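# Observations on the model geometry
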Amino acid sequence: MPHLPDLGLFSFSLVTGALAVAAIVLVQGAGVAEAAPNSDGVPSDINRDIIAQGTANLASGFFRGVPVGGSVGQTALNVSAGGRTRWAAIWSGVWMLVILVLFSGLVAKVAVPTLGAILIFAAVGSLKPAEVTTIWRTGLTSKIAVLTTFAATLFLPVAAAVGIGVALSLLLQLNTEAMDLAVVELVPREDGRFTERPAPAALTSGHVTILDVYGSLLYAGSRTLQARLPDPAAAQSPVVVLRLRGRTTLGATFIKIITDYADRLAAADGRLYLSGLKPDLTERLRRTGSIQGPLRAVEATSVIGESTRTAYLDAEAWLVNKHDAPDSPEAVSDASPGTTSRGGGPGEPPVS
């Protein structure tokens, strides 16, 4: 019968245990969906699976039920027995109910080692040596993840193993983001295209340097970018155009780092342009007060490279204007600090 939870049992250990169970359910469910894909080739919707499992477990709590998730053993057993669709799991539950109601006494006489042998046989059959070999050959990161998770699952409680797996995944992800980032320089050519070469260690006075970034710009990646940006300390009036086309989000760490870099350029009487930005990213920078002073943003257009060339031409015009008339007002595109430049064609001046 329905029963409300006893709030008097609420404790810190209960919360941590519940979180461990939730993590197990999520990880196990995602793993089962990955190991046993749908026979029709349609990939599983992980979000829908998680919502369904969470809703079912919350509802079962009001009937004193036990929280469950995708079962590795049962799935492997269903697959080895010929199950092809989700109905296999539902019919397994129906027949299990019938057997327990009608033949519970007989089931109690089945030797537990026999049931264990069936599960072991199904689990061994679910292993895919080819995929294990591929993961092992991928690199050191994959080897560390596989060995650590395997060992933790064998020798530690499941909750502890899951916690270690989650923590390890986060650390490996941060390491990947930090290491898998490259900064290159784009040199304009006469035909309108760009030549790529390694980024310089330091900036040149009175010169526009166009940089492109490969890799993630989330927390760890942004810190790596900070270390690999060219040093403006020894230059006079250096300008940097940082190409960010295709970026869907910019985190707080990146905004802080890029604002500090713009200030360093300003201290050297220079300037920073961000090109290829999506309108929502430009709006985010404007809300944070980042687009001001030495930092300019040029939004992306449908033509690849157009916003970068627009920023480059505006930077060249700004340098020429400073060299020819250092005491005169800046170019039209600089009339209002903090405006977002929207470029015209490759040979046209940008319009603020």
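This text gives an overview of the structure that appears in the document. Here the residue numbers are simple positions, counted from 1 along each chain's written sequence. Totals for whole chains, interfaces and linings use all residues, but because this is a predicted model, local features are given only for residues with pLDDT of at least 70 and pairs of side-chain atoms are given and counted only at 80 or more. Water and hydrogen atoms were dropped before computing side-chain values, which therefore reflect all heavy atoms in the structure.

### So, the pairing of strand S2 (residues 194-198)
For two strands to be treated as a pair, DSSP must find no fewer than two bridges joining them. In DSSP terms, a helix is any run of H or I states spanning at least four residues, a strand is any run of E spanning at least two, and both are numbered starting from the N terminus. With five bridges joining them, strand S1 (residues 182-188) and S2 adopt antiparallel strand pairing. Directly across from Val-187, in S2, lies its bridge partner Thr-195. Linking two consecutive strands that pair antiparallel, namely S1 and S2, is a turn of five residues; a positive phi of about 95 degrees is found at Gly-192 within it.

### Considerations on the packing of aromatic side chains
Given two aromatic rings, one states the distance between the centres and the angle between the planes to describe the pair. Each aromatic pair joins two rings of Phe, Tyr and Trp (for Trp, the six-membered one) with centres within 6.5 Å, and gets the label stacked for planes under 30 degrees apart, edge-to-face for over 60, and tilted for any other angle. For the structure on display, the rule yields zero aromatic pairs. For Arg-271, the ring lying beneath its charged end belongs to Trp-318, and the centroid distance is 4.3 Å. Only when the NZ of Lys or the CZ of Arg is both within 6 Å of the ring centre and within 35 degrees of the ring normal is a charge said to sit over the ring.

### Let's talk about the nonpolar core
Counting residues in each nonpolar core, the largest one holds 26 residues, and the members touching the most others are Leu-225, Leu-242, Phe-254, Leu-272, Leu-274 and Leu-277. Where this core is concerned, the elements lending two or more residues are strand S3 (208-214), strand S4 (239-243), helix H10 (252-267), strand S5 (271-277), helix H11 (279-287) and strand S6 (295-299). Throughout, a residue-residue contact means that at least one pair of heavy atoms, one from each residue, lies within 4.5 Å. Residues within four places of Leu-242 in sequence aside, it is in contact with Leu-211, Val-213, Phe-254, Ile-258, Leu-272, Tyr-273, Leu-274 and Ser-275. To define a nonpolar core, start from buried Ala, Val, Leu, Ile, Met, Phe, Trp, Tyr and Cys residues and group those joined through side-chain atoms within 4.5 Å. The buried label goes to any residue with under 20% of its type's maximum accessible area, the exposed label to any with over 50%, and the partly exposed label to all in between, with areas taken from a 1.4 Å probe on protein chains only.

### Thoughts on the sheet that holds S2
Strand order in the open sheet formed by six strands is S2-S1-S3-S4-S5-S6, with mixed pairing between adjacent strands. Strands with a single pairing partner mark the edges of an open sheet, and in this sheet they are S2 and S6. Pairwise comparison of adjacent strand axes, ignoring direction, gives a mean angle of 30 degrees for this sheet. Across the face of the sheet, H10 comes into contact with S4, S5 and S6 while running at roughly 140 degrees to S5. An axis is simply a line fitted to the C-alpha atoms; with a helix, the fit covers only the stretch in contact. Between two such axes, the angle follows the N-to-C directions and lies from 0 to 180 degrees.

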